[in-house]
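# Observations on the model geometry
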Amino acid sequence: GYEIVSVKAYGNTLEATSDVYSFVVKGAADVTVTTKAVGAPNAPEAITLSTEGGTSASACKVVAGGTTYDGVKAGTSSAFGAVVIKLPAGTTKLSFSAAGWNGKGDCTITFSGIEGLTSVTVPADTGVANSSPFTIAATDLSVFAKEVTFAALTEETSLTLTATGNQRFVIWNASYVK
């Protein structure tokens, strides 16, 4: 879309209706309309999840609500797991879905790398077991959706998500907002 920055008319009259951006120019010899392109405000941008920088992290597929997502499994039966997400400067919100390992109970995921963020807790799911693809069994997917907000980042930042207590988790469907 476009945002009208200014309108200048030299001549008789100018009528403008800004909410629909319609203009009527009567008898003007010269009219200049200046615009600038704008994106959708606060539109989420998808994050390509990676195993880079993670601990005991491996790429996986997660099927949730009939949709297949690329994800990352963090942790093994003998090692805790961590995932690193790189966020660009200006980011103010991170959204993602995550589920804990079947049979291990709720999984607490702690954050490091952004001041003020502490942790979120996600439920375990019977479909998060064995190996990829992990098919989420729960029908209410909202329990896996998490959103954290923070002050706008001044530079690219690596945020580490770590499972506590030797837990394992899978993460998918991540996005950020500037």
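Further up the page is the structure itself.
All values derive from a computational prediction rather than experimental measurement.

### Notes on the sheet that holds strand S8 (residues 82-87)
Remark on secondary structure: sheet strands pair via backbone hydrogen bonds, oriented parallel or antiparallel. Strand order across the open sheet formed by four strands is S8-S14-S10-S11, with antiparallel pairing between neighbours. Across the chains shown, the open sheet's two edge strands, defined by having one partner strand only, are S8 and strand S11 (119-122). On average, adjacent strands in this sheet sit at an angle of 25° to one another, irrespective of strand direction. In this structure, S8 lies alongside strand S14 (residues 157-163), joined through six bridges in antiparallel fashion. Pairing of Ala 82 across the sheet is with Thr 162, part of S14.

### Some thoughts on unusual backbone geometry
In this structure, Pro 133 follows Ser 132 across a cis peptide bond, with omega equal to 5°. With a phi close to 50°, Ser 56 is a non-glycine residue in the positive phi region. Along the chain, Ser 56 falls in the loop between strand S5 (45-46) and strand S6 (57-64). A positive phi angle is found at Asn 173, which is not glycine, with a value near 55°. Positionally, Asn 173 belongs in strand S15 (residues 169-177).

### Some words on the pattern of salt bridges
According to the stated counting rule, one finds three salt bridges in the structure shown. In this structure, Lys 86 engages Glu 52 in a salt bridge whose closest nitrogen and oxygen atoms are separated by 3.7 Å. Placement of Lys 86 in strand S8 and of Glu 52 in the loop between S5 and S6 is noted, with a sequence separation of 34 residues between them. With a relative accessible area of 46%, Lys 86 lands in the partly exposed category. With relative accessibility at 56%, the residue Glu 52 sits in the exposed group. The salt bridge involving Glu 147 is made with Lys 93; its shortest N-O contact spans 3.9 Å. A residue pair is termed long-range when its members are at least 10 positions apart, and Glu 147 in strand S13 (residues 145-149) and Lys 93 in strand S9 (residues 93-100) qualify at 54 residues. The class for Glu 147 is exposed, based on a relative accessible area of 51%. Assessed through its relative accessible area of 24%, Lys 93 is described here as partly exposed.

### Brief notes about the pairing of S11
The side-chain alternation of S11 yields one buried face, formed by Val 120 and Val 122, and one unburied face, formed by Ser 119 and Thr 121. Taken together, the four bridges between strand S10 (residues 107-112) and S11 define a ladder with antiparallel strand orientation. Counterpart to Ile 109 in the pairing with S11 is Val 120. Between S10 and the antiparallel strand that follows it, S11, lie six residues; Gly 113 among them carries a positive phi value of about 120°.

### A closer look at the packing of aromatic side chains
All chains considered together, the criterion is met by three aromatic pairs. Pairing Phe 144 with Trp 172 gives two aromatic rings, centres 6.1 Å apart and planes at 50°, and the pair type is tilted. Linking Phe 144 in the loop between strand S12 (134-135) and S13 with Trp 172 in strand S15, this pair joins segments that are 28 residues apart in sequence.

Parameters and conventions
Residues numbered from 1 in each chain as written. Predicted model: local features only at pLDDT ≥ 70, side-chain atom pairs only at ≥ 80, totals over all residues. Heavy atoms only, no water. Pairing = 2+ DSSP bridges. Helix = DSSP H or I, 4+ residues; strand = E, 2+ residues; numbered from the N terminus. Axes fitted to C-alpha atoms, helices over the stretch in contact; angles between N-to-C directions. Salt bridge = Lys/Arg side-chain N within 4 Å of Asp/Glu carboxyl O. Buried < 20%, exposed > 50% of the residue type's maximum accessible area, 1.4 Å probe, protein only. Phe/Tyr/Trp six-rings, centres within 6.5 Å; stacked < 30°, edge-to-face > 60°.

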